[in-house]
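Here is what each chain is made of, one letter per residue.
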Amino acid sequence: MKDFAATDAIDMLDDLIVCPQCDAVFRLKKPKNGERATCQRCHKALISPRRNAGLHIIAVALAVLFLIIGAAVFPFLTIDAAGNKNAVSILDAALAFAGGPMIFLSLATAALIIFVPLLRVLLTLYVLVPVVLDRPHARHAIVAFRLSEALRPWSMAEIFAIGCAVALVKVSDLAHVGFGPAFWMFGILVVLVIAQDSFMCKWSVWYRLEHPRNS
């Protein structure tokens, strides 16, 4: 009897969904493709399945992967002041204070604007590629997706872009500033990261990982 009661309790929990923003609890009803299930209290989208969304997310993730690598390698800005011209990459800027006690700040900056977004992209591909190909999910995929979501607030590529915009306004009066290839790569990267997060229905991914036979 205890086993049946535990099974019934689990089934009841599977029929519920909790809003991650306001903690309101609703009885689950799967929407069709193109429809959305939203929270009645705060209007946050809870479930938003889209047709071929997985393929779109994988394509965007691959583009983000190549853009991150290119943005880290190619020159980001060129500065010409008093006849002295210098080109700097994103890694150079992040590790500018790598000597002495500021090395921890430099490493944290590099991690937040490059390595954390890169890790999130790799985790997304690791989780979604088997799911989209209708194969058994990868080993430890649930842990990988949970880590990717936990790292979301620490992926600060867009914050770095805003900081660069503010700094360029101040520096432009003192020197001639040119945009390198990495600048445009990073700009596209920020847009694609936002698009990737908007394409993804996290509930659908979790449901597929936890109920592979019913998906």
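So, a few notes on the structure that sits alongside this text. (Residues numbered from 1 in each chain as written. Predicted model: local features only at pLDDT ≥ 70, side-chain atom pairs only at ≥ 80, totals over all residues. Heavy atoms only, no water.)

1. Comments concerning the packing of aromatic side chains
Now for step 1: Counted by the stated rule, this structure contains four aromatic pairs.
Now for step 2: A ring pair is formed by F76 and F186, whose centres lie 6.2 Å apart and whose planes are at 90°; its orientation type is edge-to-face. Remark: F186 occurs in helix α7 (residues 181-199) and F76 occurs in the loop between α2 (53-73) and β5 (77-81); sequence separation between them is 110 residues. The same class applies to F76 as to F186, namely buried.
Now for step 3: Judged by centre distance (4.9 Å) and plane angle (75°), the ring pair of F145 and W206 falls under edge-to-face. Taken together, the residues F145 in helix α5 (residues 141-150) and W206 in helix α8 (residues 202-210) connect sequence positions 61 residues apart.
Now for step 4: Since its relative accessible area comes to 3%, F145 is described here as buried.
Now for step 5: By relative accessible area, W206 is classed as partly exposed at 22%.
Now for step 6: In this structure an aromatic cluster arises from ring pairing among F76, F183, W184 and F186. (Phe/Tyr/Trp six-rings, centres within 6.5 Å; stacked < 30°, edge-to-face > 60°. Helix = DSSP H or I, 4+ residues; strand = E, 2+ residues; numbered from the N terminus. Buried < 20%, exposed > 50% of the residue type's maximum accessible area, 1.4 Å probe, protein only.)

2. Details of the environment of A93
Now for step 1: The topology assignment puts A93 in helix α3 (residues 90-94).
Now for step 2: Remark: the alpha-carbon pair of A93 and T109, spanning 16 residues in sequence, is separated by 9.2 Å.

3. Comments concerning the environment of R146
Now for step 1: Considering the arrangement of structural elements, one finds R146 in helix α5.
Now for step 2: Taking the C-alpha atoms as reference points, R146 and L123, 23 residues apart in sequence, are found 9.5 Å from one another.

4. Re the state of the cysteines
Now for step 1: For the structure shown, the criterion picks out zero disulfides.
Now for step 2: C19 forms no disulfide, and the closest cysteine sulfur to it belongs to C42, at a distance of 3.5 Å. (Disulfide = S-S within 2.5 Å.)

5. Details of empty space enclosed by the protein
Empty pockets left among the atoms are what a rolling probe the size of a water molecule brings to light.
Now for step 1: Tallying each qualifying case throughout the model produces one cavity of 30 Å³ or more.
Now for step 2: Reported here for the largest cavity is a volume of approximately 50 Å³.
Now for step 3: Considering only residue class, the lining of the largest cavity consists of four nonpolar, two polar and two charged. (1 Å grid on protein atoms, 1.4 Å probe; cavity = no way out; pocket = protein on both sides within 12 Å on 5 of 7 lines; lining within 4 Å. Points joined across faces, edges and corners; volume = space filled by probe spheres on them. Nonpolar A, V, L, I, M, F, W, Y, C, P; charged D, E, K, R; others polar.)

6. Some thoughts on a nonpolar patch on the surface
Now for step 1: Taken together, L95, I103, F104 and L107 make up a surface patch of nonpolar side chains, about 380 Å² in accessible area.
Now for step 2: Mapping L95 onto the fold places it in the loop between α3 and α4 (103-132). (Patch = residues over 30% accessible without salt bridge, like charges linked within 9 Å, V, L, I, M, F, W, Y side chains within 5 Å. Areas by Shrake-Rupley, 256 points an atom, 1.4 Å probe, with all protein chains shown as cover. Salt bridge = Lys/Arg side-chain N within 4 Å of Asp/Glu carboxyl O.)

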